[in-house]
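# A look at the structure
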Amino acid sequence: MEMSDEPFDSTYMRNRSERKRLGTGGLLPGLELGLATMKKGEEARFIVRPEMAYGKLGAPPRVMPNTTILFKVTLCNYVDYSQAEDFDNIPETERGKVSFDQLLVAVNANREAASELMKEKRTFEAKKRYKKAVRLLENCRLQNEEEEKRQKAVLLKLYTNLCIASNQLGEFKQAITFSRLALGYDPGNTKALYALGKAKLNLGDFVEARTVLVRAQHLQPGNADIVNLLRKLDQQQKAIELDEKELYRRMMGRNSASQPAKSFSTTPTESSTFQEMKAKLV
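From a predicted model like this one, the values you see are computed outputs, not experimental measurements.

Summing up its helical and strand segments, the protein chain has 11 helices and two strands in all. Mapped in sequence order, the helices and strands of the protein chain form the string α-α-β-β-α-α-α-α-α-α-α-α-α. Put simply, 56% of the contacts in the protein chain that link residues at least 6 apart link residues at least 24 apart. For the protein chain, the exposed area adds up to about 19,500 Å²; of that, 52% sits on carbon and sulfur atoms.

Written out as structure tokens, the structure reads:
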């Protein structure tokens, strides 16, 4: 609060930023007006009068009645959802009339929103945004080869992001599907190869995982992620081999213990009879 040494609330003290959406009523009117004027990375201070903050009643005990608030704000990042939402509001019957450039604006808005969600570890929501962008591109009408080329370039990015998101969610079969779609556009895409190898490894397909990861390493020899995943593959494969050997050893041990002891006949042999005859002669 203005002229107060201690803040009534602070995301700095909680050591995490907050994500808010403008125009939804989730912010104080004065703070929302201030945020709308800011640029990414900018720091600002806003003095907000009671009528644009908590009003005559305040929010006791933290904010007393008729209190003027001093906000110190850093705008870490922002995503413009309006372009994606504008496209969503277009009726299905009218979407065919939208130009490719207009469609691409909505696609990129969804893709950027998904990227921000990935940074916030909100992978499930990010994946939905990526898939929405894919549907928009796959269903669009292309006018020429240039538009087709641009479409494929964006689809490559979207499919690559989808295979990464699927791996993070533990949806390894879907990760394989999206990886192969990405590799269909760019067979040498190391991100897609890495994601494919990771999915194969998690499904226990060590042979295919190694083939894909070695191919990726050949394209990017210095990629630490690929090297580390190959090392992890070696460790898991050796661990499974040792487990199998131990299991086989235990099975053989149980089989030996369960077999009945063999009995032998005490019938005198020729050699023992000969020994008896020799004793009598002596």
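Don't stop here, the text continues.
Judged by nonpolar contacts, the single largest core of 46 residues is most densely connected at Val107, Tyr130, Leu137, Leu158 and Tyr159. Counting residues per element, the ones that place at least two in this core are α4 (100–119), α5 (123–138), α6 (145–168), α7 (172–185), α8 (190–202), α9 (206–219) and α10 (224–258). In contact with tyrosine 130, not counting residues within four places along its chain, are Arg111, Ala114, Ser115, Met118, Leu158, Asn161 and Leu162. Among the nonpolar cores identified, the runner-up in size contains 14 residues, and Leu35, Ala53, Ile69 and Phe71 belong to it.

This part is about the pairing of strand β2 (residues 69–74). The two faces of β2 differ: Ile69, Phe71 and Val73 on one face are buried, but Leu70, Lys72 and Thr74 on the other face are not. Here strand β1 (residues 43–48) pairs with β2 via six bridges, running antiparallel. Across the sheet, the residue bridging to alanine 44 is valine 73, located in β2.

We now examine unusual backbone geometry. Despite not being glycine, asparagine 66 has its phi angle at roughly 55 degrees, a positive value. Mapped onto the fold, asparagine 66 is located in the loop between β1 and β2. The residue lysine 121 is not glycine, and still its phi comes out positive at about 65 degrees.

Turning next to the packing of aromatic side chains. Here the structure, examined in full by the defined rule, presents two aromatic pairs. Relative to phenylalanine 178, the ring of tyrosine 159 lies with its centre 6.4 Å away and its plane at 20 degrees, an arrangement referred to as stacked. A residue pair is termed long-range when its members are at least 10 positions apart, and tyrosine 159 in helix α6 and phenylalanine 178 in helix α7 qualify at 19 residues. Taken together, Tyr159, Phe178 and Tyr185 form an aromatic cluster joined through their ring pairs.

We now examine the environment of leucine 27. Along the chain, leucine 27 turns up in the loop between α1 (11–14) and α2 (29–35). Judged by relative accessible area, leucine 27 falls into the buried class, the value being 15%. For the pair leucine 27 and alanine 53, spaced 26 residues apart in sequence, the C-alpha separation works out to 9.2 Å. Dropping the residues within four chain positions of it, leucine 27 is found in contact with Lys20, Leu22, Glu32 and Leu35.

What follows deals with α8. For α8, spanning 13 residues, the distance from its first C-alpha to its last is 18 Å, which sits close to the expected 18 Å at 1.5 Å a residue. Capping the start of α8, asparagine 189 holds a side-chain oxygen 3.2 Å from the backbone nitrogen of lysine 191, two or three residues further along.

Going through the model one piece at a time under the given rule, you end up with eight salt bridges. Here glutamate 171 makes a salt bridge to lysine 127, at a shortest N to O gap of 2.3 Å. Of this pair, glutamate 171 sits in the loop between α6 and α7 while lysine 127 sits in helix α5, and the two are 44 residues apart along the sequence. For lysine 127, a relative accessible area of 6% translates into the label buried. Residues lysine 152 and glutamate 148 are paired through a salt bridge, measuring 3.4 Å at the closest nitrogen-oxygen approach.

Moving on, we come to the confidence of the model for the protein chain. Of the residues in the protein chain, 82% have a pLDDT of 70 or more, and the chain-wide mean is 83. Low pLDDT (under 50) marks residues 277–282, which in the prediction has zero contacts with non-local residues, meaning those over four places away or in another chain.

Conventions adopted
- Residues numbered from 1 in each chain as written.
- Predicted model: local features only at pLDDT ≥ 70, side-chain atom pairs only at ≥ 80, totals over all residues.
- Heavy atoms only, no water.
- Helix = DSSP H or I, 4+ residues; strand = E, 2+ residues; numbered from the N terminus.
- Contact = heavy atoms within 4.5 Å.
- Areas by Shrake-Rupley, 256 points an atom, 1.4 Å probe, with all protein chains shown as cover.
- Core = buried A, V, L, I, M, F, W, Y, C linked by side-chain atoms within 4.5 Å.
- Buried < 20%, exposed > 50% of the residue type's maximum accessible area, 1.4 Å probe, protein only.
- Pairing = 2+ DSSP bridges.
- Phe/Tyr/Trp six-rings, centres within 6.5 Å; stacked < 30°, edge-to-face > 60°.
- Expected span 1.5 Å × (residues − 1).
- Polar contact = N/O pair within 3.5 Å; in protein donor to acceptor, adjacent residues only side chain to side chain.
- Salt bridge = Lys/Arg side-chain N within 4 Å of Asp/Glu carboxyl O.
- pLDDT = per-residue confidence, 0-100.

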